Amino acid sequence: MIINSIGYNFCHDKNFRIERPQGLDEYLLLTIRSKAYFGPKSKKSEIEANSLVVFRKKTPQYFGASDDIYINDWISFDMSPEEEKVFGETIVFDKIIQSEDIGVCSEIIRLMQNEFYSSAIYKEELIHLYFQIIRKKLDKMFGSFELKTKYYNELLSIRTDIHNNPWKKHSVKALAAKISISESYFQHLYKEYFGVSPIADEINSRVEYSKHLLSSSNYSVREISEMLNYSCDTQYMKQFKTVTRMTPREYRKSFFSKIK
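Everything quoted here is computed from the prediction, not taken from an experiment. (Residues numbered from 1 in each chain as written. Predicted model: local features only at pLDDT ≥ 70, side-chain atom pairs only at ≥ 80, totals over all residues. Heavy atoms only, no water.)

## Observations regarding the nonpolar core
Okay, step 1: Residues Ile 75, Phe 77 and Leu 138 are the most contacted members of the largest nonpolar core, which totals 26 residues.
Okay, step 2: Of all the secondary structure elements, the ones that give two or more residues to this core are strand E1 (2-13), strand E3 (27-32), strand E6 (51-55), strand E8 (69-78), helix H2 (102-116) and helix H3 (123-164).
Okay, step 3: Ranked by the residues each element gives to this core, the list is headed by H3, at seven residues.
Okay, step 4: With residues near it in sequence (within four places) discarded, Ile 75 still touches Ile 3, Ser 5, Ile 6, Tyr 27, Leu 28, Leu 29, Ile 109, Met 112, Phe 131 and Ile 134. (Core = buried A, V, L, I, M, F, W, Y, C linked by side-chain atoms within 4.5 Å. Buried < 20%, exposed > 50% of the residue type's maximum accessible area, 1.4 Å probe, protein only. Helix = DSSP H or I, 4+ residues; strand = E, 2+ residues; numbered from the N terminus. Contact = heavy atoms within 4.5 Å.)

Next comes the structure, spelled out in structure tokens:
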């Protein structure tokens, strides 16, 4: 991997445009931090701020300002065919994506640029360490992009069922089978997308529903436990207290004391 040039926070006016029908003889990682357009005139599309693309060598490049100001950062680099193969295993070349991590990449590019134009003894090592951090961020961003396009609807449907039917028991094995993937991969995808494991999500769903019953009905703790298909009252009360830090009875008492 050879870093050829680095640019941070380059600003241009509304007339800025790049047209490279033959692309470049190097790879280009581009972060676009303002509204812009992407593609040639016949296929031009608007893109939002905080977008990113990694251009492959020779890929035609068309982009520019679609607002009063255009801001971007970049890293141009070369790599061997073997390195490109590894790079392409997790990153989709020539595809625009958006992510909350673009700002982090931009800040790392700023640090890389400082080193690139310095005379520090260890600058090459630092530049490549920074680039490895960006690689990790890219893996995450493109991984999340692929998850969204491939499994989002299926996962959202499963999660909706869990939330709408808190009395139903769901095994990870059965949920994973619904979308024909392994249990471990299902749990990884679910946590990656929703920030919580499927088991924890199911417990939270049950607790939220039981809070509704405790505050809107006269059902006893035992009756609520049975309605939610717990094996025993103790298991229900333990899970409820773990999530809320109160027993069901304490929650009910606290709720009604607040509305008096």
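## So, the environment of Phe 16
Okay, step 1: Take Phe 16: it is sitting in the loop between E1 and strand E2 (17-20).
Okay, step 2: Sequence separation between Phe 16 and Ser 257 is 241 residues, and the spatial gap between their C-alpha atoms is 63 Å.

## Side note on the pattern of salt bridges
Okay, step 1: The tally for this structure, following the rule as stated, stands at 14 salt bridges.
Okay, step 2: Linking Lys 58 and Asp 25 is a salt bridge whose minimum nitrogen-to-oxygen distance equals 2.3 Å. Linking Lys 58 in the loop between E6 and strand E7 (61-65) with Asp 25 in the loop between E2 and E3, this pair joins segments that are 33 residues apart in sequence.
Okay, step 3: Lys 58 sits in the exposed class, given a relative accessible area of 52%.
Okay, step 4: Residue Asp 25 is classed as exposed on the basis of its relative accessible area of 56%.
Okay, step 5: For Arg 206, the salt bridge is made with Glu 202, and the minimal N-O distance between the two is 3.8 Å. Taken together, the residues span about one helical turn, with Arg 206 and Glu 202 both in helix H6 (residues 198-216) at a distance of four residues. (Salt bridge = Lys/Arg side-chain N within 4 Å of Asp/Glu carboxyl O.)

## With respect to the sheet that holds E3
Okay, step 1: Strand order in the open sheet formed by five strands is E1-E8-E3-E6-E9, with antiparallel pairing between adjacent strands. One side of each edge strand has no neighbouring strand; the edge strands of this open sheet are E1 and strand E9 (97-98).
Okay, step 2: Direction of pairing for E3 relative to E6: antiparallel, over a ladder of five bridges. The residue of E6 that forms the bridge with Ile 32 is Ser 51. (Pairing = 2+ DSSP bridges.)

## A look at the sheet that holds strand E5 (residues 45-47)
Okay, step 1: Reading across the sheet, the four strands line up as E2-E7-E4-E5 and stay open at both edges, with antiparallel pairing between neighbours. Edge strands, defined here as strands with exactly one partner in the open sheet, are E2 and E5. Strand-to-strand twist in this sheet, taken as the mean axis angle between neighbours without regard to direction, amounts to 25°. (Axes fitted to C-alpha atoms, helices over the stretch in contact; angles between N-to-C directions.)

## Some details on H6
Okay, step 1: For H6, which comprises 19 residues, the first-to-last C-alpha distance of 27 Å matches the rise-based estimate of 27 Å (1.5 Å per residue) to within 8%.
Okay, step 2: Taken residue by residue, H6 has Pro 198, Asp 201, Glu 202, Ser 205, Arg 206, Val 207, Ser 210, Lys 211, Leu 213, Leu 214 and Ser 215 as its buried positions. (Expected span 1.5 Å × (residues − 1).)

## Structural notes on the packing of aromatic side chains
Okay, step 1: Taken as a whole, this structure holds 18 aromatic pairs when the rule is applied.
Okay, step 2: Between Phe 10 and Trp 74 the ring centres are 4.7 Å apart and the planes differ by 65°, which places this aromatic pair in the edge-to-face class. Of this pair, Phe 10 sits in strand E1 while Trp 74 sits in strand E8, placing them 64 residues apart in sequence.
Okay, step 3: Judged by relative accessible area, Trp 74 falls into the partly exposed class, the value being 21%.
Okay, step 4: Ring plane angle 45° and centroid distance 5.9 Å describe the contact between Phe 77 and Phe 87, whose orientation is recorded as tilted. Of this pair, Phe 77 sits in strand E8 while Phe 87 is found in helix H1 (residues 81-87), placing the two residues ten residues apart along the sequence. Phe 87 carries the same exposure label as Phe 77, and that label is buried.
Okay, step 5: An aromatic cluster is built from Phe 16, Phe 38, Phe 55, Phe 63 and Tyr 70, whose rings are joined through pairwise contacts.
Okay, step 6: Across the ring face of Tyr 37, the terminal group of Lys 44 is positioned such that the distance to the ring centre comes to 4.3 Å.
Okay, step 7: Over the ring of Tyr 230 we find Arg 206, and its NZ or CZ is 4.9 Å from the ring centre. (Phe/Tyr/Trp six-rings, centres within 6.5 Å; stacked < 30°, edge-to-face > 60°. Lys NZ or Arg CZ within 6 Å of the ring centre and 35° of its normal.)

Any functional reading would require information that these geometric values do not contain.
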